[in-house]
Amino acid sequence: METRKRSAYGWKDAGMLLAVVLALALSSGLKAHAADYDVAAHTDPINLTPEVRAAEGRFYDMDYDGALRQFEAIMKAHPNDPMAIDYVQKTLIIRELYRQDLMDTTYYAHDSFLTSKRRVDIPQATRDRIEALTDQAIALCDSEIKANPTDKNAYFARGYARGMHAVLITLADHSFVAAARQGLASRNDSEQALKIDPNYADAKMAIGIQEFAVASLPRFLRFMVGIAGIGGNKQRGLELLREAAADGVVTPVEAKTALALFLRHDSKYSEAIQVERELVAEYPHNYLFHLELANLTKDIGNGPAAIALYKVVIANGHRSGYFVEPRLHMAYFGLADTERGQNQLQEAAQDYLNAAAQPGCTEWIRRRAQLNAGEVLDLLHDRAAAVRQYELASAGGEDQSQADAARRYLKTPYTGK
């Protein structure tokens, strides 16, 4: 039996592809280049320093706290370099999104993201710091560009800060119009950097993402988010991402992450899996890369292989020091979904319950797991246990996105229809 696909990407998902891609881009690193390619000529010098490379290594192993300490020290030593500020801003944003369970692509594949009722509470102190850093980086870049209109590094740094801020307000706030405009401003900055230096490969990523994402939007939705005059081309977007992956300094694996997501968007799962395997090989202790490989294997319909991968992720998550703070409820939920698709209902019910029981599980994931556990238990004709899960899923609290379905099944058992 093929793995059941709960939903497919459609036009509702396309509008936030830029934010999703940037948020899921958790790996980077220096790449091999052609012998005649001078990397240092096409990037801010700070990006090549041992201090930044070491901090990025921690960041891409998902040691966000350790990376933040190192990036803070770099920013203190380089207070007038906007890229130093960008690194701190990025770390704070990604750490918070991970803690809010906004880094698993099943969130976007299983529900209508645009109509989700989910509330995301970011601590005010964290929010204030991110806003201040964003403003600080942009102001520095504005000043540098005013003094030197051909400062390609300033254009890239400003675009990067704007792009990361667009990620935050899209995923956390659902501020789609504001985020679309910031994403467009990020693209414009990247285009300006490329006009000054056509070999500034990092700048190709934002343009590539926008090209593909906009091409995936229907015309009326472009009007809704205020980007009606912007065109897009999927193939050009993919090519720009490949170039950023090959020659970039800041964004090479971010570009690979974008490629994987876009290939998944167009149901090119085999190609997406190959890209994700490369990321897993490069960063074997990155929990989310392993999780995404399992998700893609599930999506292609290879249920048994996906189940095996999820189990490896969970086993490694229980190994001391293998992953940094793995949020295993995401892996248990993916495993349960796959077992359900393979008609392994007893195992699926237990793993939905395992997901809900994990320490640190957000209320949003817990309610989804409880609702799904109830459905599977109904299919197993264990009505009393199913009712208990529906009661939990429909209880009062901040997240009521699963409550209507749970209340409906409290009255009438779930039958799979």
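Higher on the page you've got the structure.
Cut-off values and rules
Residues numbered from 1 in each chain as written. Predicted model: local features only at pLDDT ≥ 70, side-chain atom pairs only at ≥ 80, totals over all residues. Heavy atoms only, no water. Salt bridge = Lys/Arg side-chain N within 4 Å of Asp/Glu carboxyl O. Helix = DSSP H or I, 4+ residues; strand = E, 2+ residues; numbered from the N terminus. Axes fitted to C-alpha atoms, helices over the stretch in contact; angles between N-to-C directions. Parallel < 35°, antiparallel > 145°, perpendicular 65-115°, else oblique. Left-handed = near helix turned anticlockwise from the far one by under 90°. Contact = heavy atoms within 4.5 Å. Nonpolar A, V, L, I, M, F, W, Y, C, P; charged D, E, K, R; others polar. Core = buried A, V, L, I, M, F, W, Y, C linked by side-chain atoms within 4.5 Å. Buried < 20%, exposed > 50% of the residue type's maximum accessible area, 1.4 Å probe, protein only. Expected span 1.5 Å × (residues − 1). Polar contact = N/O pair within 3.5 Å; in protein donor to acceptor, adjacent residues only side chain to side chain.

Asks: Hey, could you go over the pattern of salt bridges for me, with residue numbers and the actual values?
Replies: If you walk through the whole model with that rule in mind, you get 26 salt bridges. Two residues, Arg-187 and Glu-191, come together in a salt bridge whose shortest N-O distance is 3.0 Å. Within this pair, Arg-187 and its partner Glu-191 are both found in helix 9 (residues 176-196), separated by four residues, close to a single helical turn. Salt bridges sharing common partners tie together Asp-142, Arg-158, Arg-162 and Asp-189.

Asks: So what's going on with the packing of helix 10 (residues 203-215) against helix 12 (residues 234-247)? Which residues, and what values?
Replies: At a minimum axis distance of 7 Å, the contact between helix 10 and helix 12 shows a crossing angle of 155 degrees. Between helix 10 and helix 12, the interaxial angle falls into the category roughly antiparallel. Helix-helix and strand crossings are classified by hand; for helix 10 and helix 12 the assignment is left-handed. For the pair helix 10 and helix 12, contact is made by Lys-204, Met-205, Ile-207, Gly-208, Ile-209, Glu-211, Phe-212 and Ala-215 and by Lys-234, Arg-236, Gly-237, Leu-238, Leu-240, Leu-241, Glu-243 and Ala-244, respectively. For the contact of helix 10 with helix 12, a count of residues per class yields nine nonpolar, two polar and five charged.

Asks: How would you explain the nonpolar core if you had to name every residue and give the values?
Replies: Counting residues in each nonpolar core, the largest one holds 100 residues, and the members touching the most others are Phe-71, Tyr-98, Tyr-287 and Leu-288. Once residues within four sequence positions are removed from consideration, Phe-71 is found in contact with Val-52, Ala-55, Glu-56, Phe-59, Tyr-87, Val-88 and Thr-91. In terms of nonpolar packing, the next biggest core, distinct from the first, is built from eleven residues, Met-205, Ile-209, Leu-238 and Phe-262 among them.

Asks: Tell me about helix 5 (residues 82-99), residues and numbers included.
Replies: With 18 residues, helix 5 ought to run about 26 Å at 1.5 Å a step, and its terminal C-alpha atoms sit 26 Å apart, in line with that. Within helix 5, 17 of the 18 residues are buried, which leaves the element mostly enclosed by the surrounding structure. Among the residues of helix 5, the N-terminal cap falls to Asp-81, whose side-chain oxygen and the backbone nitrogen of Met-83 are separated by 2.9 Å. After helix 5 finishes, the residue Asp-101 shows a positive phi value of roughly 60 degrees.

Asks: Run through the packing of helix 18 (residues 345-357) against helix 19 (residues 363-379), naming residues and quoting values.
Replies: Between helix 18 and helix 19, the least distance of the axes is 8 Å, while the angle of their chain directions is 160 degrees. By the angle class used here, helix 18 and helix 19 are roughly antiparallel. Crossing of helix 18 over helix 19 shows left-handed handedness. Counting all contacts with helix 18, which are made through Leu-345, Ala-348, Ala-349, Tyr-352, Leu-353, Ala-355 and Ala-356, the residues of helix 19 involved are Arg-366, Ala-369, Gln-370, Asn-372, Ala-373, Val-376, Leu-377 and Leu-379. Here the contact of helix 18 with helix 19 is composed, by residue class, of twelve nonpolar, two polar and one charged.

Asks: Outline the side chain of Lys-90, supporting the account with residue identities and numerical values.
Replies: Its place among the elements puts Lys-90 in helix 5. Look at Lys-90 and you get buried, because its relative accessible area is 1%. The contact partners of Lys-90, leaving out residues within four places of it in the chain, are Glu-56, Phe-59, Tyr-60, Tyr-160, Met-164 and Glu-254.

Asks: Mind laying out the environment of Lys-411, listing which residues take part and the relevant values?
Replies: Along the polypeptide, Lys-411 turns up in helix 21 (residues 403-411). For Lys-411, a relative accessible area of 73% translates into the label exposed.

Asks: Outline helix 18, listing residues and values.
Replies: Between the first and last C-alpha of helix 18 there are 18 Å, a value that for 13 residues agrees with the 18 Å anticipated at 1.5 Å per step. Every buried residue of helix 18 is listed here: Leu-345, Ala-348, Ala-349, Asp-351, Tyr-352, Ala-355 and Ala-356. The inward-facing, buried residues of helix 18 contact helix 17 (328-341) and helix 19.

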